[in-house]
Amino acid sequence: MHTLYDVETQIPVFFRITEASVHDSKAMIEIPYELGSYYIFDRGYNNFKMLYKIHQIEAYFIVRAKIHQMETLTVWWQSFNTI
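In this text the structure is predicted, and so the values were computed from the model without any measurement.

### Re the packing of aromatic side chains
- Evaluation of the coordinates by the stated rule reveals 3 aromatic pairs.
- Look at tyrosine 33 and tyrosine 39: their rings are 5.0 Å apart centre to centre, the planes differ by 75°, and that puts the pair in the edge-to-face class. Judged on exposure class, the residue tyrosine 33 and its partner tyrosine 39 are both buried.
- Measuring from ring centre to ring centre gives 6.5 Å for tyrosine 39 and phenylalanine 41, while their planes differ by 15°; the resulting arrangement is stacked. For the pair tyrosine 39 and phenylalanine 41, one class covers both residues: buried.
- Every member of this aromatic cluster is reached through a ring pair, and the members are Tyr33, Tyr39 and Phe41.

### Some remarks on a nonpolar patch on the surface
- Among the surface-exposed residues, Met1, Phe15 and Ile17 lie close enough to one another that they form a single nonpolar patch of about 370 Å² accessible area.
- With respect to the helices and strands, phenylalanine 15 occurs in strand E2 (residues 11-16).
- With relative accessibility at 43%, the residue phenylalanine 15 sits in the partly exposed group.

### Quick notes on the environment of tyrosine 39
- Residue position: tyrosine 39 is located in strand E3 (residues 38-41).
- When residues no more than four places from it in sequence are discounted, the contact partners of tyrosine 39 are Leu4, Ile31, Pro32, Tyr33, Glu34, Ile54, Ala59, Tyr60, Phe61 and Ile62.
- At 2.7 Å, the side chain of tyrosine 39 forms a polar contact with the backbone nitrogen of glutamate 34.

### Side note on the environment of lysine 49
- One can find lysine 49 in helix H2 (residues 48-56).
- With relative accessibility at 69%, the residue lysine 49 sits in the exposed group.
- Taking the C-alpha atoms as reference points, lysine 49 and isoleucine 29, 20 residues apart in sequence, are found 9.9 Å from one another.

Conventions adopted
- Residues numbered from 1 in each chain as written.
- Predicted model: local features only at pLDDT ≥ 70, side-chain atom pairs only at ≥ 80, totals over all residues.
- Heavy atoms only, no water.
- Phe/Tyr/Trp six-rings, centres within 6.5 Å; stacked < 30°, edge-to-face > 60°.
- Buried < 20%, exposed > 50% of the residue type's maximum accessible area, 1.4 Å probe, protein only.
- Patch = residues over 30% accessible without salt bridge, like charges linked within 9 Å, V, L, I, M, F, W, Y side chains within 5 Å.
- Areas by Shrake-Rupley, 256 points an atom, 1.4 Å probe, with all protein chains shown as cover.
- Salt bridge = Lys/Arg side-chain N within 4 Å of Asp/Glu carboxyl O.
- Helix = DSSP H or I, 4+ residues; strand = E, 2+ residues; numbered from the N terminus.
- Contact = heavy atoms within 4.5 Å.
- Polar contact = N/O pair within 3.5 Å; in protein donor to acceptor, adjacent residues only side chain to side chain.

Given below as structure tokens:
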């Protein structure tokens, strides 16, 4: 179940039920993104192209990172800083 909740009106503005086999990142394509809005995603929503599109329309997002992603970022940052 994927829900976009409007805090001001206190009603869902987007609601999609998918099969359990459908990855969460697939639902990100269908969500209607708006300028200046905030989006909170669980760690299954790790489609970085879509997160970049949210950034491009000047909206904001928070994603709970997976543990191995944090390790990858740390390794990348450490190797980047040694250059």
